[in-house]
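Tertiary structure, described
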Amino acid sequence: MAVVNPTAGMSPSDAVDHIRSVLDITIRISQVLFANGAGAEDTVAAMQAVTRAYGLRGVDADVTYSLITLTWENPATFETVSRSRNVKYRVLDYAKLTRASNLITRMIDDPPNLRQARRLVASIVTAPPIYPRWLRSVGWSLVGAGAAFLLGGGLIVAIASFVATLLVDLVSSALAKRRVPVFYQSFAGGLIGPIVAAVVRLIDPGVNASLVVVATIIMLLAGVTTFGAVHDTLAGFYVTGTARLVEAIVITAGLVAGVLGSTLLLGRFGLVLHIDPASSGSISTLPTQLAASVVIVVGFALASQIPARAFWAVALLGAVAEAVYVLSVGAGVGIVFASAAAAVVAGLLAAIVVQIVRIPPLVAVVAALVPLVPGLILFTGLLQVADSDIAGLLSLLSAAAIAAALAAGAILGQYLVQMTLGPARKLQQRFVVPLLAVPVRLGRGRSEKV
């Protein structure tokens, strides 16, 4: 439990050193959360939880997109001690996010001494990826191959999608190492899909080669920050939420420019791409779609470093979400509300499975919803825009609405669980929307101090 007065009996200089150490450890572990996909609210909650666990009260924590700030004011002298970290580059390493979340759980329940805590935080920061680079590339390729099967493509299209997404990952990773702006990374990735699709069409004109492009779009959009943007906005962090939304728009704009530019260039040579409406899937193809969604989720789990113990859980959530989506579309509720319904169910079930596999809810819901990324609608809109069809703008707006519905639905599912069962920690009661990346305990009537 939290220490009442951690500086009791210390000299003034030792007390200040102790406080600085607590703030330093806190902001470093929170930086790991924020850099690996956690929202602003989760990051603030983590900083408050850790500092209170080590006995510091009156700590002011804030997040403004890329800047994390932590300040403690001495109630006796009104002097302040501050720490800040700039999180400029973000990665998608859910293994580190999970380890950081579990360490925060330990700090809340039984905080280790500061020297040991510093070593534990350092071990998370410096830990190598749990999967080798080649296996992460295979994971992204599985996302592409699974997306091709999900949309009705055959074996040739799936193999081509596997190769295309592998090339996209290699090119994007090479550009990222050279600190190339993310817009140009997305642009370069967007160029590859239509080129591979054109090659496939030359090899076999009878297949729907455009699905290769859709597969690369789904792969590139899987890590976009739409979920974090919606979460931060609903939580009241409007500056951070807006900035994340702008980041998502920039990434998508680069992708759109690459795909559209490559498609138009190929059209000049007579290689016109089109989408077969029959590839959208239906209840009759549900078993194939469920299997494909599992392949996509497992591939994303490898690419984003989700611990192996959680593979079955995220795959199950992905299959359930896909089933709810297909059944909802078949019931005639529309694709936007069908996406929201699938996300709500995924958010509800995630609250259960994360307790078993010990991962944050954020990891489970993001992985489960990757098969529902609106890549088909986005590419359809791009083709319509290329043909000067005003309906393309409506398709692009539909894609944006689906992305927002997925994020808002998953958050609503988590909110319903916490509202029904009740948060066990007072920390959870101080925030507007449910916490997704920090330890959450449920149990009405037994609130804990932290």
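The coordinates are above.
Residues numbered from 1 in each chain as written. Predicted model: local features only at pLDDT ≥ 70, side-chain atom pairs only at ≥ 80, totals over all residues. Heavy atoms only, no water.

**Observations regarding the overall build of the protein**
Filter applied, for reference: A run of H or I in DSSP becomes a helix once it reaches four residues, and a run of E becomes a strand once it reaches two; helices and strands are each numbered from the N terminus. The buried label applies to any residue whose accessible area, calculated with a 1.4 Å probe on protein chains only, is under 20% of its type's maximum; exposed applies above 50%, and partly exposed to all values in between. Contact definition: two residues touch when any of their heavy atoms are within 4.5 Å. We get accessible surface area from the Shrake-Rupley algorithm with a probe of 1.4 Å; when it comes to residues, only the shown protein chains can shield them.
Broken down by element type, the protein carries 17 helices and 3 strands. Counting every position in the protein, which comprises 450 residues, the buried fraction comes to 53%. Of the contacts formed within the protein by residues at least 6 apart in sequence, a portion of 72% connects residues at least 24 apart. On the protein, roughly 18,900 Å² of surface is accessible, and the fraction owed to carbon and sulfur atoms is 66%.

**Observations concerning the pattern of salt bridges**
Under the convention used in this document: We count a salt bridge whenever a side-chain nitrogen from Lys or Arg sits within 4 Å of a carboxyl oxygen from Asp or Glu.
A complete count under the given rule lists 4 salt bridges for this structure. Between R28 and D24 there is a salt bridge whose closest N-O contact spans 3.1 Å. Here D24 and R28 lie together in helix 1 (residues 12–35), a separation of 4 residues that amounts to about one turn. Across the salt bridge formed by R118 and D24, the nearest N and O atoms sit 2.8 Å from each other. Taken together, the residues R118 in helix 4 (residues 114–126) and D24 in helix 1 connect sequence positions 94 residues apart.

**Focus: the packing of helix 6 (residues 155–177) against helix 7 (residues 182–203)**
How two helices sit against one another is set out by the angle between their axes and by the gap between those axes. This is how the line gets drawn: Here, axes are lines fitted to C-alpha atoms. For helices the fit covers the stretch in contact, and angles between N-to-C directions go from 0 to 180 degrees. Reported orientations rely on four angle classes, namely roughly parallel under 35 degrees, roughly antiparallel over 145, roughly perpendicular from 65 to 115, and oblique for the rest. Crossing handedness: left-handed means the near helix sits turned counterclockwise from the far one by under a right angle, and right-handed means the same turn made clockwise. Note that Gly is not counted as nonpolar here; it falls among the polar residues with everything else outside the nonpolar set of Ala, Val, Leu, Ile, Met, Phe, Trp, Tyr, Cys and Pro and the charged set of Asp, Glu, Lys and Arg.
Here helix 6 crosses helix 7 at 155°, and the two axes come no closer than 9 Å. The angle between helix 6 and helix 7 falls in the class roughly antiparallel. As helix 6 packs across helix 7, the resulting crossing turns out to be right-handed. Taking contact as the criterion, the partners of I156, A160, A164, L167, V168, V171, S172, L175 and A176 in helix 6 are, on helix 7, Y184, Q185, A188, G189, I192, V196 and V200. Across the contact of helix 6 with helix 7, the residue classes tally to 13 nonpolar, 3 polar and no charged.

**Some thoughts on the side chain of Q185**
You can see Q185 is positioned in helix 7. You can call Q185 buried: its relative accessible area is 16%. Here Q185 is in contact with S172, L175, A176 and V180, once residues within four sequence places are set aside.

**Here we look at the environment of S30**
Checked against the element boundaries, S30 lands in helix 1. Sequence separation of S30 and D42 is 12 residues, and the distance between their C-alpha atoms is 8.8 Å. Setting aside anything within four residues of it in sequence, one finds S30 in contact with T43, A46, M47 and I68.

**Some details on helix 8 (residues 210–221)**
So the rule is basically this: Here the expected span of a helix is defined as 1.5 Å times the quantity of residues minus one.
Over its 12 residues, helix 8 runs 17 Å from end to end, which matches the ideal 16 Å to within 8%, given 1.5 Å per residue. Most of helix 8 is tucked away: 12 of the 12 residues are buried. What helix 8 keeps buried is the set S210, L211, V212, V213, V214, A215, T216, I217, I218, M219, L220 and L221. At its buried positions, helix 8 is contacted by helix 5 (133–150), helix 6, helix 7, helix 10 (238–268) and helix 15 (375–386).

**A word on the packing of aromatic side chains**
Put simply, the test is: Only Phe, Tyr and Trp rings are paired, with Trp represented by its six-membered ring, and only when their centres lie within 6.5 Å; those with planes under 30 degrees apart are stacked, over 60 edge-to-face, the remainder tilted.
Within this structure, the stated rule accounts for 4 aromatic pairs. Grouped by ring-pair contacts, the aromatic residues Y94, W140 and F300 constitute a single cluster.

**Here's the deal with the environment of V370**
Summarising the element assignment, V370 is placed in the loop between helix 14 (361–368) and helix 15. Distance from V370 to V143, taken between C-alpha atoms, is 8.8 Å for residues 227 residues apart in sequence. In this structure V370 touches I218, A222, I296 and F300, once residues within four positions along its chain are discounted.

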